[in-house]
Amino acid sequence: MTRMRAATAVALLFLAVGSLRAMEPLQQKDDLFAGADKFSQGAKSTTEVNLDKNMLGLMGKFGDEGEDKSGSELAKRMDFVIVRSYEYAVEGQYNMADVEQFRKRLQDGGWSHVVKERSERESTDVCVKLGPNGEFSELVVISAEPRELTFVHLKGHMSAEDLMRMSTHYGVQGPPKMKDKEKDKEKMK
Amino acid sequence: MMRRVSGLLLIALGVALLVAQGVRASERNTDGFDALVKGLSAHYAVHPKTIPMMWMVSLGARGVTHGGVRGLRVAEFENFAANDDTAGFDETVRSSLGEDWSRMVRDWKEDGDESLVYVRAENNRVDMIVVDLDRGGLNLVKMTMDPDQLAKWTRDRGIRGGVQ
């Protein structure tokens, strides 16, 4: 009887482990940009990037240099990176009211608007959510141009320095530092 | 008597669960590339072109990268037409690969060109499948990597990438 119980217990254990494995997220889901697929209608090109924690961890290894493991350390602090980009052949292919619905999702839930740029034809929103220790836990960028619409969502536990390093790595120009401005002034003289 | 029957039932249940688990495990371990080629061939009634000596290329890649690339597989479909049904094509790829593959990149253009990158990571082994569809046909490439070894190999050659 003891053997029977053991066999059943082992079988149940296998099933439980298998079920847990099956419950792991298979593709990174992003509730914030759920429904963004509608913008692909009428687009001439669509780009979607989903980097989950596993993939970021693997990519981080390629950023290490010798004993300097900062690449993988930064990757470990990130949970996911999601990008949705839509390009249109002509203007007016997407509805600005639809974009506004996504912006509204950033009005609640502890989001802080750090950049809100509006012009006649373009708009940019950068929102961040801070963690308990003051680190960035989430960052969202929504950029709307007449022929291009981009959504970016980062989640993790990143310092401002981490974000700057990431933006530098991916070729995104940050705001000029004071020292650079002073250098420019000297050059002007 | 009742105790014996219930005991046998428990064993039968245990064995059934173990078998079910084994079937699931073997389903997960199937090569996604073969399933993808089979799925697309069946759905679109086309057959891939055989690329001769591909095993040698794969072996060469393994040697050159010091084990960073563990294997390469390529399948080429000529005159492949997804019939402007991008959603149907995407779904065929997704369902053929199965649930343990996740889509990392999708790049689509209105002229019908599409690139998909699927990844499956397990311990220190990463499988990546690139699906490249254009007017000329469809190309599938599978690369199996050892990320630590490949990262070391790229670092040694001054190739930089990833998150820094």
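All figures in this text were calculated on a predicted structure; none of them were measured in a lab. (Residues numbered from 1 in each chain as written. Chains lettered and ligands numbered in written order. Predicted model: local features only at pLDDT ≥ 70, side-chain atom pairs only at ≥ 80, totals over all residues.)

1. Some remarks on the overall build of chain B
And step 1. Each helix and strand in chain B was counted, giving five helices and five strands.
And step 2. Its helices and strands taken in sequence order, chain B reads α-α-α-β-α-β-β-β-β-α from the N to the C terminus.
And step 3. Expressed as a percentage of the 164 residues in chain B, the buried residues total 22%. (Helix = DSSP H or I, 4+ residues; strand = E, 2+ residues; numbered from the N terminus. Buried ≥ 20, exposed ≤ 12 C-beta atoms within 10 Å, placed from the backbone.)

2. Regarding the pairing of strand β2 (residues 78–87) of chain A
Residues and elements named next belong to chain A.
And step 1. Across seven bridges, strand β1 (residues 45–51) lies against β2 in antiparallel orientation. Along β2, the bridge assignment pairs Thr47 with Ser85.
And step 2. Here nine bridges tie β2 to strand β6 (residues 148–158), and the two strands are oriented antiparallel to one another. Residue pairing across strands places Tyr86 opposite Leu149, the latter belonging to β6. (Pairing = 2+ DSSP bridges.)

3. Things to note about the confidence of the model for chain B
All names here are of chain B.
And step 1. Per-residue pLDDT for chain B has a mean of 81; in total, 78% of the residues score no lower than 70.
And step 2. Averaged over each element, pLDDT in chain B is lowest for helix α1 (residues 2–29) (53) and highest for strand β2 (residues 102–109) (94).
And step 3. Counting contacts from residues 21–29, a segment whose pLDDT is below 50, to residues more than four positions away or on other chains yields five contacts.
And step 4. The complex model carries a pTM of 0.73, and its ipTM stands at 0.71. (pLDDT = per-residue confidence, 0-100. Contact = placed C-beta atoms within 7 Å.)

4. Quick look at unusual backbone geometry
Residues and elements named next belong to chain B.
And step 1. The backbone of Met53 shows a phi angle near 60°, a positive value even though the residue is not glycine.
And step 2. Tracing the backbone shows Met53 in the loop between α2 (32–44) and α3 (54–64).
And step 3. Unlike most non-glycine residues, Asn79 shows phi in positive territory, near 50°.
And step 4. Note on placement: Asn79 falls in the loop between β1 (69–78) and α4 (86–97).
And step 5. We classify Asn79 as exposed; it has 9 C-beta atoms within 10 Å.

5. Looking at α2(B)
Within an α-helix, residues lying three or four positions from one another point in the same direction, as the helix has 3.6 residues per turn.
Residues and elements named next belong to chain B.
And step 1. In this model, α2 (13 residues) spans 18 Å end to end at C-alpha, consistent with the 18 Å of a helix rising 1.5 Å per residue.
And step 2. In the core, the buried residues of α2 are packed alongside β1, α4, β4 (125–134) and β5 (137–145).
And step 3. Immediately downstream of α2, the backbone of Ala45 shows phi near 50°, a positive value. (Expected span 1.5 Å × (residues − 1).)

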